[in-house]
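Close look at the chain arrangement
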Amino acid sequence: GMLMPTIATRSDYEEWFRANGYRVLVSEAITDPTRKTWDEGVGIAQVPGLIKIARGLGRDALGLLKAIHGMRKAMDRGHIGYGVVVAEKEGGGT
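What counts, and where the lines are drawn
- Residues numbered from 1 in each chain as written.
- Predicted model: local features only at pLDDT ≥ 70, side-chain atom pairs only at ≥ 80, totals over all residues.
- Heavy atoms only, no water.
- pLDDT = per-residue confidence, 0-100.
- Helix = DSSP H or I, 4+ residues; strand = E, 2+ residues; numbered from the N terminus.
- Expected span 1.5 Å × (residues − 1).
- Buried < 20%, exposed > 50% of the residue type's maximum accessible area, 1.4 Å probe, protein only.
- Contact = heavy atoms within 4.5 Å.
- Axes fitted to C-alpha atoms, helices over the stretch in contact; angles between N-to-C directions.
- Parallel < 35°, antiparallel > 145°, perpendicular 65-115°, else oblique.
- Nonpolar A, V, L, I, M, F, W, Y, C, P; charged D, E, K, R; others polar.
- Salt bridge = Lys/Arg side-chain N within 4 Å of Asp/Glu carboxyl O.

**A closer look at the confidence of the model for the protein chain**
In the predicted model, the protein chain carries a mean pLDDT of 90, and 91% of its residues have values of at least 70. Taken element by element, the predicted model of the protein chain shows its lowest mean pLDDT in helix H4 (residues 59-76) (91) and its highest in strand S1 (residues 22-29) (96).

What follows is the structure, encoded as structure tokens:
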């Protein structure tokens, strides 16, 4: 599958930053701008040569390729979204 140890909301990340002395400067959803990238990823993951290489690398590599389609489907159904959070340590510095 995908290499994601845990999934949290953008609000969770904002809270974690604030709880650790950071000021959130920017927090926005970027799901829509990433759609084309995921579409391209789905297409790339279906290239026969890449699938052959993944098979040679083992179950994890093949699982990663298969997971790309599932991630794109989950995004389409509203189950996952992408965001960016930029924060600055209170008192200066990022």
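Having put the structure on the table, let's press on.
**So, helix H2 (residues 31-45)**
With 15 residues, H2 ought to run about 21 Å at 1.5 Å a step, and its terminal C-alpha atoms sit 20 Å apart, in line with that. Along H2, the positions that sit buried rather than exposed are Thr 31, Thr 34, Trp 38, Gly 41, Val 42 and Ala 45. Contacts made by the buried residues of H2 are with S1, helix H3 (48-57) and H4.

**A few points about the packing of H3 against H4**
Closest axis-to-axis distance for the H3/H4 pair is 5 Å, and the angle between their directions is 140°. Judged by the inter-axis angle, H3 sits oblique to H4. Between H3, through Leu 50, Ile 51, Ala 54, Arg 55 and Leu 57, and H4, the contact on the second element is made entirely by Ala 61, Leu 62 and Leu 65. In terms of residue class, the contact of H3 with H4 is built from seven nonpolar, no polar and one charged.

**Description of the side chain of Thr 34**
With respect to the element layout, Thr 34 can be found in helix H2. With relative accessibility at 16%, the residue Thr 34 sits in the buried group.

**Let's talk about the pattern of salt bridges**
Scanning the model with the defined rule gives seven salt bridges in all. The salt bridge partner of Glu 40 is Lys 36, with a shortest N-O separation of 3.9 Å. Pair noted here: Glu 40 and Lys 36 are both in helix H2, with a separation of four residues, about one helical turn. Residue class for Glu 40 comes out partly exposed when judged on its relative accessible area of 42%. The salt bridge partner of Asp 39 is Arg 72, with a shortest N-O separation of 2.7 Å. In this pair, Asp 39 sits in helix H2 while Arg 72 sits in helix H4, placing the two residues 33 residues apart along the sequence. The partly exposed category is assigned to Asp 39, whose relative accessible area is 41%. Note on Arg 72: relative accessible area 11%, which makes it buried. One connected set of salt bridges, linked through shared partners, spans Asp 32, Arg 35, Asp 39, Arg 72 and Asp 76.

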